[in-house]
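Residue-level structural notes
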Amino acid sequence: MYATSSTNTTAGAPHFPDSFLWGVATASHQVEGGNANNDIWFLENLHDTFFHEPSLDAIDHYHRFAEDIDLIASLGLNTYRFSLEWSRIEPVEGHFSLAAIAHYRRMLESCKSHNLTTVVTLHHFTSPLWLLRQGGWESSNTPALFARYCTFVMEQLGDLIDWACTLNEPNLPWLLAEMGLVEKSPDQRKHNPAFVEAARQFDLLPTQIAPFQFTATREGFDIKVEAHRKARQAIKAVCPDTPVGWTLANSDIQAAEGGEERARHMRAEVNERFLEVSRDDDFVGIQTYGRHLMGAEGPAIVPEGASTTATGEEIYPEGLEATIRQAAEIARVPVLVTENGLATDDDAQRVDYIRRALLGVRRCLNDGIDVRGWICWSAFDNFEWIFGYGPRYGVISVDRSTFERSVNPSGYLIGQISRTNGGALTESA
Ligand code: BGC
């Protein structure tokens, strides 16, 4: 815990700890472009796909990373979180690409040359297509295969990785399942035309199609927990001092009238059992966008008159404070906010959202909760999974016909907050 006495204060307003991480995040498939060898690309391009559009070039971060990292650093941030693409590093099972490793080494070196702390995610939703073919995230072989990839990555790049995140949002499918968006049993996949088509192509049954992002079964839970534990062991064996954790989708799940029992069940299923796994880790990554209200009849109640995000959810920045408190209490390890942000076409809304969310982070610190940093989702507008390029999360906008980047006021704001280590964060807008 940070003692209150070790935090700087100006005019009675406590600042953030000196080592606080201020950053932005991306994920390989959402920004790199051309990730044609992974399972999500495959699903995007099925005839019966449930993706709005294919990712194609994304924002060409794969070729433009040097300018992008320059831009991130120029804002005044001290941290960049990004993910490594397993399907590039191990394009064929058991065979590793030295060219892909050299690429990620250049990225990491570029961060280091700008004094950026590197927070690296080893798996952010996408897996090599060969893994999906052999049962994906319900196959008992997957944990060991993932751990082998982690060993290789750490041997090759570990000297430049400051924080290692194993799996990104392993719990997201259970949140989606509670909203009725993901099948809870393998049997229900028979009714998903995309899974039927995928199975036909692989000569499998639809029940055997288990991509990470859409697997919310009992088997899926066990496999993900085992993969995380094996990966942590593998990372620690190579780099014992690197902090390791996984990053969780932690919505603030609340009860509306009559929804107490549903909310309690959903918190246990989606948040708490995953936070308990983090007890053996060095930190837990918290990713909060807002809240989910559970009513007597079911989920997804947006209160009347509430402003909504580009994806139709309530704008609720206060959720972050609640989930940090919940995570610290259950996981009992330091908390790193690895994602927090807003999908909107109106950057003024994002500015307000960020300010209110950060005031909540500061209240947590003032109460002695060990929060190590805040990383905004996202550095750039990018490929928002099934929604395609519609929703924009970037503090830096991207024109996808020219790939031109332009910094939004929210980007300058978080840079300013970072440079002053929270000093530029005001109570009122
Ligand atoms: C994921 C990101 C995603 C973001 C916004 C998180 O679920 O980690 O990949 O883009 O939320 O939806």
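Since the structure is predicted, the reported quantities are computational estimates derived from the model, not experimental observations.

Some details on the overall build of the chain
Across its full length, the chain carries 14 helices and 14 strands. Rg of the C-alpha trace for the chain: 20 Å, near the compact-globule value of 22 Å for 429 residues, within the 12% margin. Dimensions along the principal axes, computed over C-alpha positions, put the chain at roughly 65 × 55 × 45 Å. Looking at the chain residue by residue over its 429 residues, the buried ones come to 61%. Summarising the internal contacts of the chain: among those between residues at least 6 apart in sequence, 78% fall at separations of at least 24. Working note: accessible area of the chain is about 16200 Å², and carbon and sulfur atoms make up 49% of it.

Some points on the pattern of salt bridges
According to the stated counting rule, one finds 26 salt bridges in the structure shown. A salt bridge links Glu 269 to Arg 273; the nearest nitrogen and oxygen atoms lie 3.7 Å apart. Here Glu 269 and its partner Arg 273 are both found in helix H11 (residues 260–277), 4 residues apart, which amounts to about one turn of the helix. One salt bridge connects Asp 367 with Arg 325, and the closest N-O pair in it is separated by 2.9 Å. Placement of the pair is Asp 367 in the loop between helix H13 (347–366) and strand S12 (371–377) and Arg 325 in helix H12 (residues 319–331), with a sequence separation of 42 residues. By sharing partners, the salt bridges in this structure join Glu 318, Asp 352, Arg 355 and Arg 356 into a single network.

A look at the packing of helix H5 (residues 98–113) against helix H7 (residues 142–157)
With their axes 10 Å apart at the nearest point, H5 and H7 run at an angle of 55 degrees to one another. Considering their axes alone, H5 and H7 lie oblique with respect to each other. Crossing geometry of H5 relative to H7 is assigned as right-handed. The residues of H7 that touch H5, namely those facing Leu 98, Ile 101, Tyr 104, Arg 105 and Leu 108, are Phe 152, Gln 156 and Leu 157.

A few points about the sheet that holds strand S7 (residues 244–249)
Read once around its circumference, the closed barrel built from 8 strands follows the order S3-S4-S5-S6-S7-S9-S11-S12, with strand pairing classed as parallel. Adjacent strand axes in the sheet meet at a mean angle of 25 degrees, parallel and antiparallel pairs treated alike.

Details of helix H3 (residues 61–74)
Here H3 contains 14 residues, and its C-alpha end-to-end distance of 17 Å is more than 12% below the 20 Å for a straight helix at 1.5 Å per residue. Along its length, H3 reaches its greatest deviation from straightness, about 40 degrees, at Glu 67. Restricting attention to buried positions, one finds in H3 the residues His 61, Tyr 62, Phe 65, Asp 68, Ile 69, Ile 72 and Ala 73. Where H3 is buried, its residues meet strand S3 (21–25), helix H1 (28–31), strand S4 (79–83), helix H4 (86–89), H5 and strand S14 (404–407). Once H3 ends, the next one or two residues include Gly 76, with phi positive near 110 degrees.

Describing the nonpolar core
Grouped together as the largest cluster of nonpolar side chains are 123 residues, with contacts concentrated most on Phe 146, Val 361 and Trp 374. The biggest single contributor to this core is H7, with 9 residues. If you look at the next biggest cluster of nonpolar residues, it comprises 12 residues, including Trp 163, Phe 283, Trp 377 and Tyr 393.

What to know about unusual backbone geometry
At the junction of Trp 377 and Ser 378, the peptide bond is cis and its omega measures out at 15 degrees in the coordinates. With respect to the helices and strands, the residue Ser 378 is situated in the loop between S12 and strand S13 (396–399). A positive phi is found at Asp 60, a non-glycine position, where the angle reads about 55 degrees. By the element assignment, Asp 60 lies in the loop between helix H2 (39–44) and H3. Of note, Trp 385 is a non-glycine position whose phi angle comes to about 50 degrees, a positive value.

What to know about the state of the cysteines
In the structure shown here, the tally under the stated rule is 0 disulfides. Of all cysteine sulfurs in the structure, the one in Cys 165 sits closest to Cys 111, which takes part in no disulfide; the separation is 14 Å. With a relative accessible area of 0%, Cys 111 lands in the buried category. Residue Cys 239 stays outside any disulfide, its sulfur separated by 11 Å from that of Cys 150, the closest cysteine. Of the residues examined, Cys 239 reaches a relative accessible area of 12% and is grouped as buried.

Quick notes on the site of the ligand
As a matter of local geometry, the ligand sits amid Gln 30, His 124, Phe 125, Asn 168, Glu 169, Gln 287, Tyr 289, Glu 339, Trp 377, Glu 384, Trp 385 and Tyr 393. At a separation of 2.7 Å, an oxygen atom of the ligand approaches a polar side-chain atom of Gln 30. At 3.4 Å from an oxygen atom of the ligand is found a side-chain nitrogen or oxygen belonging to Tyr 393. For the ligand, whose unbound accessible area comes to 310 Å², protein coverage reaches 91%. In terms of residue class, the shell around the ligand is built from 5 nonpolar, 4 polar and 3 charged.

Rules of the game
- Residues numbered from 1 in each chain as written.
- Predicted model: local features only at pLDDT ≥ 70, side-chain atom pairs only at ≥ 80, totals over all residues.
- Heavy atoms only, no water.
- Helix = DSSP H or I, 4+ residues; strand = E, 2+ residues; numbered from the N terminus.
- Rg over C-alpha atoms; globule rule 2.2 N^0.38 Å.
- Buried < 20%, exposed > 50% of the residue type's maximum accessible area, 1.4 Å probe, protein only.
- Contact = heavy atoms within 4.5 Å.
- Areas by Shrake-Rupley, 256 points an atom, 1.4 Å probe, with all protein chains shown as cover.
- Salt bridge = Lys/Arg side-chain N within 4 Å of Asp/Glu carboxyl O.
- Axes fitted to C-alpha atoms, helices over the stretch in contact; angles between N-to-C directions.
- Parallel < 35°, antiparallel > 145°, perpendicular 65-115°, else oblique.
- Left-handed = near helix turned anticlockwise from the far one by under 90°.
- Pairing = 2+ DSSP bridges.
- Expected span 1.5 Å × (residues − 1).
- Bend = angle between axes of the 7 residues up to and from the residue.
- Core = buried A, V, L, I, M, F, W, Y, C linked by side-chain atoms within 4.5 Å.
- Disulfide = S-S within 2.5 Å.
- Near = heavy atom within 4 Å.
- Polar contact = N/O pair within 3.5 Å; in protein donor to acceptor, adjacent residues only side chain to side chain.
- Nonpolar A, V, L, I, M, F, W, Y, C, P; charged D, E, K, R; others polar.

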